[in-house]
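Results of the structural survey
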Amino acid sequence: MSGLMSYSGLTTKIRAMESSFITEKQFREIAELPSVPQVVSYLKKNRGYAAVLSGLDENDLHRGQIEAVLRNAALEDFTSLYRFSNREQRDFLKLYSRRFEIRLLKKCLSSVFDHRDITPYLQELKKYFDHYSDLDIEKLGASSTADEFVENLKDTDYYNGLKRLVKAEKPTLFDYETALDLYYFSFIWKQKNKILKKTDLELITAAYGNKFDMLNLWWIHRARHYFHMEPHEIYAMLVPVQYKLRKEQIRALVESETDEEFAARLADTYYAKIYTDLRPENLEDMYVYVLKHVLLKGSRQHPYSAATIYSYLYQKEHEINRLIIALECIRYGLHSDETMKYLSKA
């Protein structure tokens, strides 16, 4: 009853917002549009994007701005839910919002390594970050070296996770992004126990637990099969969390000597027994499927819970990622059928 009372209004609001999600039929219509400006015009008629696109001239928007504006749609939805939430729900939303900071930090880092100006991208997101984040995005965006970027994070809790790389020999963008991910995942796993209780804690533990396990399976396969990394290198990049995967299973997977042995070890995991289509070659696709399945199941079975918030925000971000892929396909002149193939894998 307490869940019903505290979540009834928020759940009703979320259900109304879900009605503006883009359908597969609409994605097909988008894929068939001949130009990026026409996609923007199409999205202006969708309730989920009308507000962030209103007043913008689709013919003047360049690639970085369009991506940022679309990302803003998720931030606007987050803001709307935050304003409608009680204290406990806001605590979870603050925890979830760390993913927005991580994405922005990675964007800034990529600009440092690629020597690209991302000022227009940051300007589009400034309104949200000025209000909901302690990050100085202008300072971070102006960083010209990785060392300067890390120094500009000195007053944040991201600093400790990155400062060790300053003394490392030629750290790559991948090294920095991995360090950010590992900090973020560890932070989430610890903090959820402090802010959530009972059903909310159980559901969010399941959501993140499945996510981290599946990420580890995917990363182990990629590291072994494509990059031929040594076991000690693979261990360094894994999320330090086990949910349904046992430590000995992870060790066996990492230290498999052949692809056949890895496949056999994978078949012995909880996930291969629950999801019978799970195979090494489709781990990336199954990662997306499993997370979505767990979130939707939790939201359906417990609509008056934090799972409904997480499920909505996840679906919104997933939709935006697919829109960005569609825009890239259209930008490069791909046929609509080819675009839909890419979207089906996203």
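Notes on the structure in this doc start here.

1. Some details on the overall build of the protein chain
- Check the secondary structure of the protein chain and you find 20 helices and zero strands.
- Taken over C-alpha atoms, the radius of gyration comes to 21 Å for the protein chain, in line with the 20 Å a tight globule of 346 residues would show.
- Structurally, the protein chain occupies a C-alpha span of about 55 × 55 × 45 Å along its principal axes.
- In the protein chain, of all internal contacts separated by at least 6 residues, the share reaching a separation of at least 24 is 66%.

2. Overview of the nonpolar core
- With 86 residues, the main nonpolar core has Phe149, Leu162, Tyr208, Met214 and Tyr310 as its most contacted residues.
- It is helix H13 (residues 198-225) that provides the largest number of residues to this core, a total of eleven residues.
- Residue contacts for Leu162: discarding those within four places in its chain leaves Phe149, Val150, Leu153, Tyr176, Ala179 and Leu180.
- Core analysis: the next-biggest nonpolar cluster, separate from the first, contains 25 residues, Val39, Val52, Val69 and Leu343 among them.

3. Description of the pattern of salt bridges
- Counting across every chain of the model gives 25 salt bridges.
- As a salt-bridge pair, Glu18 and Arg15 come within 3.2 Å of each other at their nearest N and O atoms. Here Glu18 and its partner Arg15 are both found in helix H1 (residues 2-18), three residues apart, which amounts to about one turn of the helix.
- Of the charged contacts in the structure, one is a salt bridge between Lys273 and Asp268, with a shortest N-O distance of 3.8 Å.
- Overall, the relative accessible area of 42% leaves Asp268 in the partly exposed class.

4. Some remarks on the packing of H13 against helix H16 (residues 259-267)
- Direction vectors running N to C along H13 and H16 enclose 170°, while the axes themselves pass 11 Å from each other. Of the possible angle classes, the one that applies to H13 and H16 is roughly antiparallel. Contact residues: H13 offers Leu217, Ile220, His221, Arg224 and His225, while H16 offers Asp259, Phe262 and Leu266.
- Its residues placed into classes, the contact of H13 with H16 shows four nonpolar, two polar and two charged.

5. Brief notes about the packing of aromatic side chains
- Going through the model one piece at a time under the given rule, you end up with 25 aromatic pairs.
- Taken together, a centroid distance of 5.6 Å and an interplanar angle of 70° make the contact between Tyr96 and Tyr310 edge-to-face. Linking Tyr96 in helix H6 (residues 87-96) with Tyr310 in helix H19 (residues 306-331), this pair joins segments that are 214 residues apart in sequence.
- Looking at Tyr96, the relative accessible area reads 1%, which means it is buried.
- For Lys244, the ring lying beneath its charged end belongs to Tyr243, and the centroid distance is 5.3 Å.
- Positioned above the aromatic ring of Phe27, the side-chain terminus of Arg322 is 4.4 Å from the ring centre.

6. Describing the side chain of Ser133
- Its location among the elements puts Ser133 in the loop between helix H8 (119-132) and helix H9 (137-141).
- By relative accessible area, Ser133 is classed as buried at 10%.
- For Ser133, the side chain forms a polar contact with the side chain of Glu101, separated by 2.7 Å.
- Residues in contact with Ser133, not counting those within four places in the same chain, are Glu101 and Tyr128.

7. A word on the packing of helix H12 (residues 173-195) against H13
- At a minimum axis separation of 10 Å, H12 and H13 run at an interaxial angle of 155°. On the basis of their axis angle, the class for H12 and H13 is roughly antiparallel. Along this stretch, H12 crosses H13, giving a crossing that reads as left-handed. Of H13, the residues touching H12 (which contributes Asp181, Tyr184, Phe185, Ile188, Trp189, Lys192 and Asn193) are Leu201, Thr205, Tyr208, Gly209, Lys211, Phe212, Leu215 and Trp219.
- Across the contact of H12 with H13, the residue classes break down as nine nonpolar, three polar and three charged.

8. Side note on helix H7 (residues 98-114)
- Its 17 residues give H7 an end-to-end C-alpha distance of 24 Å, which sits within 8% of 24 Å, the value for a rise of 1.5 Å per residue.
- Where burial is concerned, most of H7 is hidden: 13 out of the 17 residues are buried.
- Just downstream of H7 lies His115, where phi reads positive at about 60°.

Cut-offs used in this document
Residues numbered from 1 in each chain as written. Predicted model: local features only at pLDDT ≥ 70, side-chain atom pairs only at ≥ 80, totals over all residues. Heavy atoms only, no water. Helix = DSSP H or I, 4+ residues; strand = E, 2+ residues; numbered from the N terminus. Rg over C-alpha atoms; globule rule 2.2 N^0.38 Å. Contact = heavy atoms within 4.5 Å. Core = buried A, V, L, I, M, F, W, Y, C linked by side-chain atoms within 4.5 Å. Buried < 20%, exposed > 50% of the residue type's maximum accessible area, 1.4 Å probe, protein only. Salt bridge = Lys/Arg side-chain N within 4 Å of Asp/Glu carboxyl O. Axes fitted to C-alpha atoms, helices over the stretch in contact; angles between N-to-C directions. Parallel < 35°, antiparallel > 145°, perpendicular 65-115°, else oblique. Nonpolar A, V, L, I, M, F, W, Y, C, P; charged D, E, K, R; others polar. Phe/Tyr/Trp six-rings, centres within 6.5 Å; stacked < 30°, edge-to-face > 60°. Lys NZ or Arg CZ within 6 Å of the ring centre and 35° of its normal. Polar contact = N/O pair within 3.5 Å; in protein donor to acceptor, adjacent residues only side chain to side chain. Left-handed = near helix turned anticlockwise from the far one by under 90°. Expected span 1.5 Å × (residues − 1).

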